[in-house]
Each structure stands twice: as structure tokens, then as C-alpha cells.
Amino acid sequence: MWLPERRARFVKLTIRAVAVAATALTLMATSGCTVRPLLGTQEGSQGQQTVANLSSVSVNPVNTRYAQEVRNQLIFLLNGGAEPAAPRYKLDLTVTRAITSAAQVQIARDNEPTAGTAILTGSYRLSDAATGQTLAQGNRQVMSAFDRSLQEFAVLRAERDAENRAARELAELLRLAVAQDMVRLNLR
């Protein structure tokens, strides 16, 4: 009888030893990790410089309603809603929109869409305000779903609301992309 108990105890100890070894290896592997907050505000951190750089970005005017939504939200995220007095960087922004039908339900003889998707694609180019030299550029895309009812005005309003939600998300992604570019370029 004592042999099965001894064997069970040995298995438990072996499992514990393997778990401890795996934990130790994981700790050793991750101890050299250099991940740090992108916009950290500790004393002497690169995040403070990045926040200062973001607040000195001027966003050029755009010409569509949905692009203006993105621009306004981006200005708010970068500078608290105000344009910088003496911008160090300029951001050229282009926003395109696509509305697609996501699902169709057959009612009688018509295939009527019952759900749609608003897709906003933002392209940006960050340049030095003094020299005009392009520092970074990129694209980001956001999708936002909405319901299509049988009422025409309700569909238009739902579509606009979806565009507004997508514009807010796109502005967040663009701010993050610009911050990543600034850190990568080590702008001072």
C-alpha cells in the first residue's frame, strides 16, 4: 500500500519542480524585456517628450464632413482641442469613406439589406513644419456597423452615427500611429 502513495507523492513533487523551473525560465526570459509605456509620464521618460511633441502637431484642414469629424477628434486628442501657436510638425490627413451592406434578408421578392458597415480609411503624412520634410506616413482603417431599418431617415441617421463612431476610433488610431512614429524616429 505504501508504494502507490509514494508514487503519487513523487509525481506531485515532479510536477511542482517542473512548474517552478518553468516559472524561473519565464522570469529570466522576460527580465531583459524593454517594453515601456509609449506615453508614460514618469520623470525623465521618453513619454514626456512624446506628449510634448504630440501637442506641437498642427492638423491641416480637410474638406468632407466625416474627415472633419476625424480632424476635430484628433486635434482634441493631440492638443486638448486647440491648435498649437507655433507648431513644430504638420499632419496632412486624407480620409475616405465606404458604406457597404453587411447582411441581407429576403422579404417577399426583394433582397433588402438589414445591416451596413461604415468604413473610414485615414492616410496621414507627418512633416516638419519648418522644412516640409516628410518624417512619417501611414494608413489606418476602422469599420463601424449599423442597422438598416425600413425608414429612410432612420437609415441615414444610423449611417451618420456609424461614421461618427468610426471617426472617433480612427482619430485614436492615428494619434497612436503618430506617437509611435515619433518614438521610432526619436524626435526631440
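Quick notes on the rules
- Residues numbered from 1 in each chain as written.
- Predicted model: local features only at pLDDT ≥ 70, side-chain atom pairs only at ≥ 80, totals over all residues.
- Heavy atoms only, no water.
- Helix = DSSP H or I, 4+ residues; strand = E, 2+ residues; numbered from the N terminus.
- Buried < 20%, exposed > 50% of the residue type's maximum accessible area, 1.4 Å probe, protein only.
- Contact = heavy atoms within 4.5 Å.
- Areas by Shrake-Rupley, 256 points an atom, 1.4 Å probe, with all protein chains shown as cover.
- Core = buried A, V, L, I, M, F, W, Y, C linked by side-chain atoms within 4.5 Å.
- Salt bridge = Lys/Arg side-chain N within 4 Å of Asp/Glu carboxyl O.
- Axes fitted to C-alpha atoms, helices over the stretch in contact; angles between N-to-C directions.
- Parallel < 35°, antiparallel > 145°, perpendicular 65-115°, else oblique.
- Left-handed = near helix turned anticlockwise from the far one by under 90°.
- Expected span 1.5 Å × (residues − 1).
- Polar contact = N/O pair within 3.5 Å; in protein donor to acceptor, adjacent residues only side chain to side chain.

**Quick look at the overall build of the chain**
- Looking only at helices and strands, the chain features four helices and four strands.
- Secondary structure elements in the chain, listed N-terminal to C-terminal, are α-α-β-α-β-β-β-α.
- Expressed as a percentage of the 188 residues in the chain, the buried residues total 30%.
- Intrachain contacts of the chain at a sequence separation of at least 6 include 63% that bridge at least 24 residues.
- Summing over all exposed atoms, the chain offers an accessible surface of approximately 12100 Å²; the carbon and sulfur share of this is 55%.

**Describing the nonpolar core**
- Val70, Leu74, Leu91, Val95, Leu120 and Leu126 are the most contacted members of the largest nonpolar core, which has 28 residues in total.
- In terms of residues, this core owes the most to one element, helix H4 (residues 152-185), which gives nine residues.
- If we ignore the near neighbours within four places in the chain, the residues touching Leu74 are Val59, Leu91, Leu93, Ala171, Leu174 and Arg175.

**Observations regarding the pattern of salt bridges**
- Applying the stated criterion to the full structure yields eight salt bridges.
- A salt bridge links Glu163 to Arg97; the shortest N-O distance between them is 2.5 Å. Of this pair, Glu163 sits in helix H4 while Arg97 sits in strand E2 (residues 89-107), placing them 66 residues apart in sequence.
- The shortest N-O distance in the salt bridge between Arg184 and Asp181 comes to 3.1 Å. Residue Arg184 and its partner Asp181 are both found in helix H4; the two are separated by three residues, about one turn of the helix.
- Its relative accessible area of 56% is what places Arg184 among the exposed residues.
- Among the charged side chains, a network of salt bridges with common partners joins Arg65, Glu69, Arg97, Glu159 and Glu163.

**Considerations on the packing of helix H3 (residues 65-79) against H4**
- The interhelical angle for the contact between H3 and H4, taken along N-to-C directions, is 40°, at an axis separation of 8 Å. One element, H3, and the other, H4, form an angle in the oblique class. In this structure, the crossing between H3 and H4 has a hand that is right-handed. Judged by residue contacts, Arg65, Tyr66, Glu69, Val70, Gln73, Leu74, Leu77 and Leu78 of H3 engage Arg160, Glu163, Asn164, Ala167, Arg168, Leu170, Ala171, Glu172, Leu174 and Arg175 from H4.

**Considering H3**
- Here H3 spans 21 Å end to end across 15 residues, near enough to the 21 Å set by a 1.5 Å rise per residue.
- Among all positions in H3, only Tyr66, Ala67, Val70, Arg71, Leu74, Ile75, Leu77, Leu78 and Asn79 are buried.
- Trailing H3 by a residue or two, Gly80 shows a phi angle of about 75°, which is positive.

**Examining the side chain of Ser144**
- Of note, Ser144 is situated in strand E4 (residues 134-147).
- Looking at Ser144, the relative accessible area reads 6%, which means it is buried.
- Here the side chain of Ser144 touches Ala162 through a polar contact of 3.4 Å, landing on its backbone oxygen.
- At 3.1 Å, the side chain of Ser144 forms a polar contact with the side chain of Arg165.
- Setting aside residues no more than four positions away along its own chain, Ser144 makes contact with Gly116, Thr117, Ala118, Ala162, Arg165 and Ala166.

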